[in-house]
Amino acid sequence: MHNNKYLKILLLSFLSIQYINAQENTDQNPFRQMYDILPTPNSYRTATGAPGKDYYQQTADYKIEVILDDMNQTISGKEKITFFNNAPETLTYLWLQLDQNQMDKESDTYKIQQHNLEDKMSVDQINRIEKTFEGGYKIVKITDDKGVPLSYVINKTMMRLELPNALKTGQKFSFNIEYWYNINDRFKLGGRSGYEYFAEDDNHLYTIAQFFPRMCAYNDVEGWQNKQFLGSGEFTLIFGNYEVSITVPDDHLVAATGVLQNPDKVLTKPQYERFKQAEKSFLQPVIIATQEEAIEREKTKSTGKKTWTFTAQNVRDFAFASSRKFIWDAMNVRIGNKTSMAMSMYPKEGNPLWEKYSTKAVAHTLVTYSKYTIDYPYPVAWSINADRIGMEYPMISFNFGRCEKDGTYSKRTKYGMISVIIHEVGHNFFPMIINSDERQWTWMDEGLNTFVQYLSEQEFEREYPSSRGEAQTVVDYMKGDKTKMSPIMTNSESIYQFGNNAYHKPAVGLNILRETIMGRELFDYAFKEYARRWAFKQPYPADFFRTMEDASGVDLDWFWRGWFYTTDHVDLAISDVKYKQVMPQNPLKKEAAKNQDNAEQPLNISSIRNKTSIKETYTERDPSLIDFYSTYDENKSTASDSIKYENVIKDLTEEEIEAINSNNHYYEITFERLGGLVMPLIYKKVYEDGSSEIVRIPAEIWKMGETEVRKVEISDKKISSFILDPYVETADTDTENNYFPRVLIPSRFEVFKNKSRENNENPMQKAKKEIKP
């Protein structure tokens, strides 16, 4: 038996085809746990990623009255704020956000901007250098609930309000602010809100946000989040209830956060009747204010006033839009056991695109986001058409997308408009409900929202042309200049390549988790659990990371560390494949195998040429030189070989005999990690008969070798090639080394020429010309 065991080992010897030297490992272990990065769990935020038993958050209620002056483009307001201290600490002052002060001529936003002088510059370009706009809040007075003036200090975009008495846990404090400010022209000055001017009919379209001093957030992570507003990092806010009265010209239509309280006072009788019809329509939008009515309103400017009153419960902010140019349509949407009104307002310049798509895109977004997070809890969701902007607020968003003057639009305009509506309406979930700290971590709302936007787009239309979401879309960014990149975990005001960093890369990372690392079932459950846990609360990155692991049972520390905390990229390669077969021990099979090996050996060039150049050899001329070895075939089996073989197998099982005579094909594949990030190994085996098979190996295989690992494939069919990451799902930055044997990957390029005006027309314009008589 001892000799037979020895033979079993010897008989399973292989014929080697190729070999490659191993690369030395110099990388740190990418699988080390994140104890060095994540904050220590506590009674506010637990190790599971859920809110702890002592979790708290501050709240504030607002009663606001504002007047929109359409002649002078100003907002005048009065507000009463009631702040509730739910923190365990006693507070001696409050911090408020004065976001409009970003438009002040002395703001840091202006001071840190770079400018260049060109040979020719427009007036607008000069104005951006030499600020002339009188922006920012003008605070008239601040008093307590009894009218007593309060002390305050304005620090740029923040204001500290001194409390007359310390505010203890469980107490509330009410105060009043009277203020006004000039509304900015978005096209000249930029900004997240402001007005758009239409010279053709001398009218304005207002998208108004950050229009009132509002409370800063105070929590267990940051204390007061009073980081200055410079423009990139958006808003960190707390929940509360709002009652807002908006006085505008009486020919304006107004859309806002919350529910309109006096529709019978501000709508015409036909508009009110159409609105009631829209509440019953679940398939098609109902036009409430028509385009014909909007055109009539554009022609004259009323001097009368109307006040629209809205209330909103448990929201973190408030915004509104107002114009006499608005067309209005709406439909109802069933979500769980509730309904919500999906509505749009847009000028005639948005039609026919907006009438066809906007409200349905809103409705679709509410349904799909509810599926992946929580049921949409608010009664309303608006989409407002404002050129060259995409901004989000609770229940209302401002979205770009305009048609040509002849009513046509390009494919890019159509899908760009649908995508921005999905994205901005989707922000109702991130961060309006799952209330992350935007000022600190942009990716927690933009990245997560862009990911669900991708899922929603794919459910809108098959093969929807999503620009972000799939792994291969982020490759160009990730293989770029590392000196112009930031880790995702970078403060919002310090990010390089804002869109790629905070939107694109996080969205792709989540899609890789869903499709490749965790699988859809585990990912979807964990993601939905995160939304459920943190709905109407304020999560931070560790809460997200921990929840995703806690709810799925998947250790993702390696992924968070690499994808979110570094600028490393993915580059996995098949560096070598060695092909081997077992040498059969059955003499007849061994003879056939050796003959096949010899037949497959290539002839050298000398042998080929000698067959014709040497007419006759010496032994051919003189046969007396021929002896035993001249015709001896060393591969041919003999009787003694058969006897030895029978002695060997007499103590072997049938399975063992089959193993030592196997016809299987053995392939040793060497994988290399050339980039900094680890990823699962996904590869395709392509057989000679044209069939194929996918193999999926978890990323943890890189624990076995940080930069190089090997796998053996055994097959009864011959494999012709191996393809790594065949479905481009890991964001691999170099796919040329993903093939074995190597293949040439063709690249496509276009030659751009100067095009005529006709060639620049969109396909709809060309089609309209072709069908004209």
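From a predicted model like this one, the values you see are computed outputs, not experimental measurements. Within any chain, residue numbers begin from 1 and follow the written order of that chain's sequence. Local features in this predicted model are restricted to residues of pLDDT 70 or higher, and side-chain atom pairs are both shown and tallied only at a pLDDT of 80 or more, whereas totals for entire chains, interfaces and linings draw on every residue. Neither water nor hydrogens contribute to the side-chain values; these are computed over all heavy atoms in the structure.

A. Summary view of the overall build of the protein chain. Every helix listed is a DSSP run of H or I at least four residues long, and every strand listed is a run of E at least two residues long, numbered separately from the N terminus. When helices and strands are tallied, the protein chain shows 22 helices and 30 strands. It is over C-alpha atoms that the radius of gyration is taken, and the globule rule equals 2.2 Å times the number of residues to the power 0.38. The C-alpha atoms of the protein chain give a radius of gyration of 35 Å, which is well past the 28 Å a tight globule of 773 residues would have. By its C-alpha atoms, the protein chain is 125 × 75 × 60 Å across when sized along the principal axes. Burial status follows relative accessibility: with a 1.4 Å probe on protein chains alone, a residue under 20% of its type maximum counts as buried, one over 50% as exposed, and anything between as partly exposed. Burial statistics for the protein chain: of 773 residues in total, 52% are counted as buried. When contacts within the protein chain are restricted to residue pairs at least 6 apart in sequence, long-range pairs at least 24 apart make up 76% of them. A 1.4 Å probe and the Shrake-Rupley method give the accessible areas. Residues count as covered only by the protein chains that appear here. Here the protein chain displays about 37500 Å² of accessible surface, and carbon together with sulfur accounts for 50% of that area. Both charge centroids of the protein chain, one from 95 positive and one from 110 negative side chains, sit 4 Å from each other. Two residues qualify as a contact provided that any one of their heavy atoms is within 4.5 Å of a heavy atom in the partner residue. When charges are counted, neither His nor the chain ends are considered; positive counts come from Lys and Arg and negative counts from Asp and Glu. To locate a charge, take atom NZ for lysine, CZ for arginine, CG for aspartate or CD for glutamate.

B. Quick peek at the sheet that holds strand E27 (residues 692-697). Paired strands are those between which DSSP finds at least two bridges. Here four strands make up an open sheet; going across it, the order is E27-E26-E29-E30 and the pairing antiparallel. The open sheet terminates on both sides in strands that have one partner only, identified here as E27 and strand E30 (739-740). Summarising the sheet, strand E29 (residues 719-724) and E30 pair through two bridges and their orientation is antiparallel. Opposite Ile723, over in E30, you have Tyr739 as the bridge partner.

C. Examining the pattern of salt bridges more closely. Throughout this description, the term salt bridge denotes a Lys or Arg side-chain nitrogen within 4 Å of a carboxyl oxygen of Asp or Glu. Going through the model one piece at a time under the given rule, you end up with 46 salt bridges. Note that Arg214 is salt-bridged to Asp99, the shortest N-O span being 2.9 Å. Of this pair, Arg214 sits in strand E10 (residues 214-215) while Asp99 sits in the loop between strand E3 (91-97) and helix H2 (108-111), and the two are 115 residues apart along the sequence. Residue Arg214 shares its accessibility class with Asp99, and that shared class is buried.

D. Region of interest: the layout of surface pockets. For each structure, a 1 Å grid was placed over the protein atoms alone; sets of points admitting a 1.4 Å probe that cannot get out are labelled cavities, open sets with protein on both sides within 12 Å along at least five of seven lines are labelled pockets, and lining residues have an atom within 4 Å of a point. Grid points are joined across faces, edges and corners, and a volume is the space filled by probe spheres set on the points. Considering only enclosed or pocket space, the largest pocket measures out at about 770 Å³ in volume. Phe400, Gly416, Val420, Glu424 and Arg468 are the residues nearest the centre of the largest pocket, which is lined by 33 residues in total. Those elements giving two or more residues to the lining of the largest pocket turn out to be strand E22 (390-393), helix H9 (411-426), helix H10 (443-460) and helix H12 (498-517). At nine residues, the largest contribution of residues to the lining of the largest pocket is made by H9. In the scheme used here, Gly and all other residues not listed as nonpolar or charged are polar, with Ala, Val, Leu, Ile, Met, Phe, Trp, Tyr, Cys and Pro taken as nonpolar and Asp, Glu, Lys and Arg as charged. Of the residues in the lining of the largest pocket, the class split is eight nonpolar, 14 polar and 11 charged. Considered as a void within the structure, the second largest pocket measures approximately 400 Å³ in volume.

E. Local environment of the sheet that holds strand E25 (residues 665-673). Spatial strand order, E24-E25-E28: three strands in an open sheet with antiparallel pairing. Edge positions in the sheet fall to strand E24 (572-581) and strand E28 (708-715), since each of these pairs with one other strand and no more. The mean inter-strand angle of the sheet, taken between neighbouring strand axes irrespective of direction, is 20°. The sheet contact formed by E24 and E25 spans nine bridges and is antiparallel. Residue pairing across strands places Leu572 opposite Arg673, the latter belonging to E25. For helices, the fitted axis covers only the stretch in contact; all axes are lines through C-alpha atoms, and the angles between them, taken along N-to-C directions, range from 0 to 180 degrees.

F. Focus on the packing of H10 against helix H14 (residues 541-552). Packing of H10 against H14 leaves a shortest axis separation of 11 Å and a crossing angle of 40°. Here H10 is positioned oblique relative to H14, judged by the angle of their axes. Counting all contacts with H10, which are made through Trp443, Met444 and Leu448, the residues of H14 involved are Pro541, Phe544 and Phe545. The residue makeup of the contact of H10 with H14, split by class, is six nonpolar, no polar and no charged. Roughly parallel refers to an angle under 35 degrees, roughly antiparallel to one over 145, roughly perpendicular to one between 65 and 115, and oblique to any angle outside these ranges.

G. Here's a closer look at empty space enclosed by the protein. In the structure shown here, the tally under the stated rule is three cavities of 30 Å³ or more. Looking at side-chain class alone, the lining of the largest cavity contains six nonpolar, five polar and no charged residues.

H. Highlighting H14. A helix is expected to span 1.5 Å for every residue after the first. Helix length check: H14 (12 residues) gives 17 Å between terminal C-alpha atoms against 16 Å at 1.5 Å per residue, within 8%. Among the 12 residues of H14, 11 are classified as buried, and the element is accordingly described as predominantly covered. Those residues of H14 that sit buried are Pro541, Ala542, Asp543, Phe544, Phe545, Arg546, Thr547, Met548, Glu549, Ala551 and Ser552. Summarising the contacts, the buried residues of H14 are in contact with H10, H12, helix H13 (520-534) and helix H15 (557-565).

I. Just the side chain of Thr567, in detail. Take Thr567: it is sitting in the loop between H15 and E24. Aside from chain neighbours lying at most four places away, what touches Thr567 is Lys482, Met485, Ser486, Pro487 and Lys505.

J. Representation of the confidence of the model for the protein chain. Along the chain, pLDDT gives the predictor's confidence residue by residue, from 0 to 100. When the pLDDT values of the protein chain are averaged, the result is 91; 93% of them are 70 or greater. Confidence drops under a pLDDT of 50 for residues 1-27, and excluding neighbours within four residues, the segment shows 51 contacts in the predicted structure. In this model, residues 768-773 is a region of pLDDT below 50 whose contacts with residues beyond four sequence positions or in other chains number three contacts.

K. Structural view of the packing of aromatic side chains. Each Phe, Tyr or Trp ring, with Trp reduced to its six-membered ring, pairs with another whose centre is within 6.5 Å; inter-plane angles below 30 degrees give stacked pairs, above 60 give edge-to-face pairs, and intermediate values give tilted ones. A full pass over the atoms with the stated rule returns 53 aromatic pairs. Ring plane angle 50° and centroid distance 5.2 Å describe the contact between Phe229 and Phe235, whose orientation is recorded as tilted. On the numbers, 4.9 Å between centres and 15° between planes, the contact of Tyr579 with Tyr667 is stacked. In this pair, Tyr579 sits in strand E24 while Tyr667 sits in strand E25, placing the two residues 88 residues apart along the sequence. Assigned by exposure class, Tyr579 and Tyr667 land together as buried. Lysine and arginine charges are scored as sitting over a ring when NZ or CZ, respectively, is within 6 Å of the ring centre and within 35 degrees of the ring normal. The ring of Tyr110 is capped by Lys131, whose NZ or CZ atom sits 4.2 Å from the centre of that ring. Across the ring face of Trp180, the terminal group of Lys138 is positioned such that the distance to the ring centre comes to 5.5 Å.

L. Broad picture of the environment of Ala330. Considering the arrangement of structural elements, one finds Ala330 in strand E19 (residues 327-335). Each C-alpha atom, one on Ala330 and one on Gly136, is 35 Å from the other, the two residues being 194 residues apart in sequence.

M. Representation of the pairing of strand E7 (residues 172-182) within the structure. Looking at chain direction, strand E2 (residues 74-84) and E7 are connected through 11 bridges and run antiparallel. Bridged to Ile81 within E7 is Phe175.

N. Summary view of unusual backbone geometry. Residue Pro431 is bonded to the preceding Phe430 through a cis peptide linkage, with omega at 15°. When you line up the elements, Pro431 lands in the loop between H9 and H10. Even without a glycine there, the phi angle at Ala731 is positive, about 60°. In this structure, Ala731 sits in the loop between E29 and E30.

O. A look at the pairing of E29. For E29, the tally of buried residues reaches five of six residues, placing the bulk of the element in the interior. In this sheet, E29 lies alongside strand E26 (residues 681-687) in antiparallel orientation, the contact comprising five bridges. Directly across from Val686, in E29, lies its bridge partner Ser721.

P. View of the environment of Val712. Its place among the elements puts Val712 in strand E28. For Val712, the residues in contact, after removing those within four places along its chain, are Tyr667 and Glu668.

Q. Representation of the side chain of Ser358 within the structure. Note on placement: Ser358 falls in helix H8 (residues 353-372). Leaving out residues up to four positions away in the same chain, Ser358 has contacts with Ser344, Leu353, Ser383, Met417 and Ile421.

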